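# Observations on the three-dimensional arrangement
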Amino acid sequence: MLQQRTLKTLTRAVGVGLHSGQRVELTLRPAQPDTGIVFRRVDLPQPVDIPIRAEAVTDTRLASTIAVGNAKVHTVEHLMSACAGLGIDNLYVDITAEEVPILDGSSASFVFLLQSAGVELQNAPKRFIRVTRPVEVREGEGANAKWARLTPYHGYKLSFEIDFDHPAVDSTGQRVEFDLGQGNYSRDIARARTFGFTRDVEMMRSNGLALGGGLDNAIVMDDYKVLNSDGLRYDDEFVKHKILDAMGDLYLIGKPLLAAYSAFRSGHAMNNLLLRELLAQRDAWEVVTFEDERQAPTGFAQPARAW
């Protein structure tokens with residue numbers, strides 16, 4: 001049987017929120033089989049649980065925000081991406097503010113935290129959402145077109161193309177494909193950082209955003225070049241970060257997908273729209289388990305390797 005996974009023990013981190021600039025403490029704790037991933041706002045007078053699901057996403061401006069009532073957690077996608085990449089099914093995420101800490105701007109620190117705690121197999125079958133026919137969402141026409149789609153695939157593969165008219169981005173790859181069965185998430189995707197432009201920072205900060213951002217947790221560019229003294233971690237770090245984000249956004253459906261995801265100029269909003277469109281088309285997906293793990297797609301049977 002291909003089993004569900006949680007952590008062996010709890011682990012903690014402290015950081016600041018990218019947009020809020022608030023100090024936040026994060027505690028990742030093991031959870032029972034079939035719990036899923038549950039964010040818990042422990043700073044509120046009465047702690048509030050926010051289980052992940054596509055419909056829990058309430059805001060997609062510059063990040064993915066989930067909420068129950070007035071209790072919110074912003075910028076969940078980098079942690080969710082690490083959980084997707086390592087195959088974590090069940091987890092409690094205790095958080096002392098309304099935004100997940102940005103740490104170094106990638107998923108690498110979350111991968112380190114999860115692997116440091118250890119991954120434990122549980123006596124329950126891992127449940128997948130298998131896409132059985134293509135589903136697509138599309139917006140705009142011509143030069144403004146953007147789209148995202150899911151198609152049937154025995155595994156999990158993502159391809160993404162960006163379209164940034166900027167010298168620093170043009171000199172790197174604008175398209176990348178990552179197959180969980182052939183690549184290594186920790187090595188190939190997790191270290192890709194979020195990125196932004198100095199020309200946007202002033203506008204964002206006047207709107208109460210990016211208050212915790214800087215060169216230590218993002219790739220920052222002026223009109224011509226990357227300003228970070230250490231340069232890029234990957235030759236194609238920009239588009240790899242879009243894959244990282246997409247893996248986190250798509251895992252908000254609550255179960256790992258068996259599908260091929262492809263997108264052009266997509267983002268948090270369109271990724272969530274794609275999940276909602278998939279769920280609305282009940283004949284386009286099914287929930288499956290693997291009693292014989294040898295029948296499972298490559299990349300899911302073994303706990304993810306360390307760095």
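Along each chain, residues carry numbers from 1 onward, in the same order as the chain's sequence is written. Whole-chain, interface and lining totals are the exception, using all residues; otherwise, since this is a predicted model, local features are given only for residues with pLDDT of at least 70 and side-chain atom pairs are given and counted only at 80 or more. Only hydrogens and water are removed before side-chain values are computed, so all heavy atoms of the structure are retained for them.

Our focus in this paragraph is the sheet that holds strand 6 (residues 57–59). As summarised here, the arrangement of the 3 strands in space is 6-7-8, forming an open sheet in which the pairing is antiparallel. Each edge of the sheet is formed by a strand with only one pairing partner; in this case those strands are strand 6 and strand 8 (71–73). Geometrically, the sheet is characterised by an average inter-axis angle of 45° between neighbouring strands, direction not taken into account. What makes two strands pair is DSSP finding at least two bridges between them. Only DSSP runs of H or I covering at least 4 residues are called helices, and only runs of E covering at least 2 are called strands; the numbering of each starts at the N terminus. Here strand 6 pairs with strand 7 (residues 65–68) via 2 bridges, running antiparallel. Fitting a line to C-alpha atoms yields each axis, with helices limited to the stretch in contact; the angle taken between N-to-C directions then spans 0 to 180 degrees.

Turning next to the UniProt feature "binding site: Zn(2+)" (unreviewed entry) in the protein. Per the UniProt annotation, the sites labelled "binding site: Zn(2+)" (unreviewed entry) are His-78, His-241 and Asp-245. These annotated residues cover 168 residues of sequence, and their C-alpha atoms lie no more than 9.5 Å from one another, placing them together at a single site. With respect to the helices and strands, the residue His-78 is situated in helix 1 (residues 77–86). Residue contacts are counted whenever heavy atoms from the two residues lie within 4.5 Å of one another. Setting aside residues up to four positions removed in sequence, His-78 forms contacts with Ile-102, Gly-105, Ser-106, Ser-107, Phe-110, Thr-194, His-241, Leu-244 and Asp-245. Summarising the element assignment, Asp-245 is placed in helix 6 (residues 237–251). Leave out the neighbours within four places in its chain, and Asp-245 touches Glu-77, His-78 and His-268. UniProt positions are given in the numbering used here, feature names are shortened, and annotations may be inferred rather than shown by experiment.

By secondary structure assignment, the location of Asn-184 is in the loop between strand 15 (175–179) and helix 4 (185–188). Exposure is judged per residue with a 1.4 Å probe applied to protein chains only, and the accessible area is read against the type maximum: over 50% gives exposed, under 20% gives buried, and values in between give partly exposed. Asn-184 gets classed as buried once you look at its relative accessible area, which sits at 10%. Reaching out from Asn-184, the side chain makes a polar contact with the backbone nitrogen of Ser-186 at a distance of 3.0 Å. Polar contacts here mean pairs of N or O atoms no more than 3.5 Å apart (in protein, one a potential hydrogen donor and the other a potential acceptor; neighbouring residues in sequence count only if both atoms are side-chain atoms).

Spatial strand order, 2-3-9-4-5: 5 strands in an open sheet with mixed pairing. Either end of the sheet is taken by a strand with one partner, and the two such strands are strand 2 (11–16) and strand 5 (48–51). Across the sheet, the axes of successive neighbouring strands diverge by a mean angle of 20°, strand direction being ignored. Lying over the sheet, helix 1 contacts strand 3 (23–30), strand 4 (37–41) and strand 9 (91–95), oriented at roughly 150° with respect to strand 4.

Attention shifts here to the pattern of salt bridges. What makes a salt bridge here is a side-chain nitrogen of Lys or Arg within 4 Å of a carboxyl oxygen of Asp or Glu, nothing more. This structure, assessed with the given rule, holds 19 salt bridges. Two residues, Asp-223 and Arg-199, come together in a salt bridge whose shortest N-O distance is 3.3 Å. Linking Asp-223 in the loop between strand 17 (219–221) and helix 6 with Arg-199 in helix 5 (residues 198–206), this pair joins segments that are 24 residues apart in sequence. Asp-223 gets classed as partly exposed once you look at its relative accessible area, which sits at 42%. By sharing partners, the salt bridges in this structure join Glu-136, Arg-138 and Arg-149 into a single network.

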